[in-house]
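Structural overview
This is what each chain is made of:
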Amino acid sequence: MPSTTPTASTRPLRSRALRAALAGAGAAALLATAACASGSASAGSGGDGGARPINRLEIMAPADPGGGWDQTARAMGSAIEADELARSVQVSNVGGAGGTVGLAELKNERSEDFLMVMGLVMVGAVETNKSQATLADTTPLARLTSEDEIIVVPANSPYQTIDDLVAAMKSEGRGVSIAGGSAGGTDNILAGMLAQEAGVPASDLNYIPYSGGGESLAALLGNQVSAGISGVGEYAEQVEAGELRALAVSGAERVEGVDAPTLKEAGLDIELTNWRGVVAPPNISEEAEAKLEKLVDDMHGSEAWTELVATNGWTDDYLSGEEFETFLGEEQTRIAGVLKEIGLTS
């Protein structure tokens, strides 16, 4: 359960309110105001001192339906509604360009009751798409989860192992097509690292980006591509049903329920996990930022969210406040370097 100790961003709000009350009304008026506030807090529900609850929360998934961001946004909405942390939650999809189309919309969003799901994919897409909107145009709130990537092929594919796929990439070059998420995202990065480790030139990598997990899944099931890369959860049902064959996972350890080795077990020096987080529009008030931070913190601590994380096969990887802001800055630097190394940026 995350701590409910007020964050650094909430404490200055109280100090400014105190100074303003002293300057505008004097000590006596302040005492009266404090007494009223205390009574209101006692009468109000919840532990936030009777603060106005969010009436209508909007959560944007900056991708088409079916992918990891969409799943995360809808899981958030479900958990928030289950614990009545907001009176209503609306989830919307704004797909395109690795989330940077949605990022551009967020940059101009004026509502302070608004969240957008994002993650490692967006960090890369900002670089590869040379996006005018960047993560500096957001208010970072928290990292929520992380998830291994999985490399799959259609059930009738001739590739039985990851070694078979890598050998084909070497011999056939662009004749081997790999479906995944948007250009510059985690899937694309993993495909590039796989090609690099196999000694395949970046120019011979035939990576086909899709803006939503549903589209890449349809391409795989329709035998339109040779292989696919995505988060484990996005292909889990099809792998379990035998419609797709898992060749490898990208994390440090095997994934429970998935009969596939890690890439390192298979002799490839690659380890990569995808993380997802949540941000708010830029330039929101400090009061609004504190309220949204508490909302996300309360959601993360709820039983409903814990169950949804387990159901989707995600790993709880919660990080909030200044720690998340520091992590985000470090990730932007790291991914910019990786993208340059594998030839996705110059």
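Structural data are supplied above this passage.
A quick note: this is a predicted structure, and the numbers were derived from the prediction, not measured. The residue numbering used here restarts from 1 in each chain and proceeds along that chain's sequence as written. Only residues with pLDDT of 70 or above have their local features reported here, since the model is predicted, and side-chain atom pairs are shown and tallied only from 80 upward, although totals for entire chains, interfaces and linings are computed over all residues. As a rule here, side-chain values come from all non-hydrogen atoms in the structure, and water together with hydrogens is ignored.

Another aspect to go through is the overall build of the protein. A tally of helices and strands in the protein yields 11 helices and 10 strands. The cut-offs for exposure are 20% and 50% of the maximum accessible area for each residue type, with area from a 1.4 Å probe on protein chains only; residues under the lower value are buried, those over the upper are exposed, and the others partly exposed. A buried classification covers 49% of the 346 residues belonging to the protein. Here a residue-residue contact requires only that any non-hydrogen atoms of the pair lie within 4.5 Å. Long-range pairs, those at least 24 residues apart, make up 77% of the contacts in the protein between residues at least 6 apart in sequence. Per-residue and other accessible areas were derived by the Shrake-Rupley procedure at a 1.4 Å probe size, with only the shown protein chains allowed to occlude residues. Accessible area of the protein: about 15,600 Å², with a carbon and sulfur share of 48%. Strands here are runs of E lasting at least two residues and helices are runs of H or I lasting at least four, both read from the DSSP assignment and numbered beginning at the N terminus.

Moving on to unusual backbone geometry. Unusually for a residue other than glycine, Asn223 sits at a positive phi of about 55 degrees. According to the relative accessible area criterion, Asn223 is partly exposed, its value standing at 45%. Despite not being glycine, Asn283 shows a phi value in the positive range, around 60 degrees. Structurally, Asn283 is set in the loop between β9 (273-280) and α9 (286-300).

This next bit is on the side chain of Thr186. Note that Thr186 resides in helix α6 (residues 186-198). Separated by 3.1 Å, the side chains of Thr186 and Asn274 make a polar contact. Ignoring anything within four residues of it in the chain, the contact list for Thr186 reads Leu120, Val121, Glu149, Leu272 and Asn274. N or O atoms within 3.5 Å of each other form a polar contact, as long as, within protein, one can give a hydrogen and the other can take it, and as long as residues adjacent in sequence are counted only when both atoms are side-chain atoms.

Our focus in this paragraph is the nonpolar core. By nonpolar core we mean a set of buried residues, namely Ala, Val, Leu, Ile, Met, Phe, Trp, Tyr and Cys, connected to one another through side-chain atoms within 4.5 Å. Membership of the largest hydrophobic core comes to 84 residues, with the highest contact counts inside it found for Leu57, Ile59, Leu115 and Ile162. Looking at which element gives the most residues to this core, the answer is α6, with 7 residues. Here Ile162 is in contact with Ile151, Leu194, Leu247, Ala248, Leu263, Ala266 and Leu268, once residues within four sequence places are set aside. Among the nonpolar cores identified, the runner-up in size contains 15 residues, and Ala219, Leu220, Val232 and Val249 belong to it.

How two aromatic rings sit relative to each other is set out by the distance from centre to centre and by the angle between their planes. Any two rings among Phe, Tyr and Trp, with Trp reduced to its six-membered ring, count as a pair given centres within 6.5 Å; such a pair is stacked if its planes are under 30 degrees apart, edge-to-face if over 60, and tilted if neither. Scanning all chains against the criterion turns up 4 aromatic pairs. Through a chain of ring-to-ring contacts, the aromatic side chains of Trp275, Phe324 and Phe327 assemble into a single cluster. Criterion for a charge above a ring: Lys NZ or Arg CZ within 6 Å of the ring centre, and within 35 degrees of the ring normal. Positioned over the ring face of Phe327 is Arg143, at 4.5 Å from the centre of the ring.

Moving on, we get to helix α4 (residues 120-128). Residues three or four positions apart in an α-helix share a direction because the helix packs 3.6 residues into each turn. Within α4, 7 of the 9 residues are buried, which leaves it mostly tucked inside the rest of the structure. Those residues of α4 that fall on the buried side of the exposure criterion are Leu120, Val121, Met122, Val123, Gly124, Ala125 and Val126. Buried residues belonging to α4 abut α2 (68-82), α3 (100-107), β3 (114-119), α6, β9 and α11 (321-341). Directly after α4, the chain includes Lys130, whose backbone phi takes a positive value near 50 degrees.

Attention now goes to the environment of Ser177. As for its position among the elements, Ser177 is in strand β5 (residues 177-180). Measuring from C-alpha to C-alpha, the distance between Ser177 and Ala227 comes to 6.5 Å, with 50 residues separating the pair along the chain. Other than its neighbours up to four places away in sequence, Ser177 contacts Asn206, Ile208, Gln224, Val225, Ser226 and Ala227.

This brings us to the pattern of salt bridges. When a carboxyl oxygen of Asp or Glu lies within 4 Å of a side-chain nitrogen of Lys or Arg, that pair is called a salt bridge. Taken as a whole and judged by the stated rule, the model has 12 salt bridges. For Arg143, the salt bridge identified is with Asp317, shortest N-O distance 3.1 Å. Here Asp317 lies in strand β10 (residues 315-320) and Arg143 lies in strand β4 (residues 139-154), a separation of 174 residues in the sequence. Judged by relative accessible area, which is 11%, Arg143 ranks as buried. Residues Lys264 and Asp269 are paired through a salt bridge, measuring 3.7 Å at the closest nitrogen-oxygen approach. The exposure class of Lys264 is partly exposed, given its relative accessible area of 43%.

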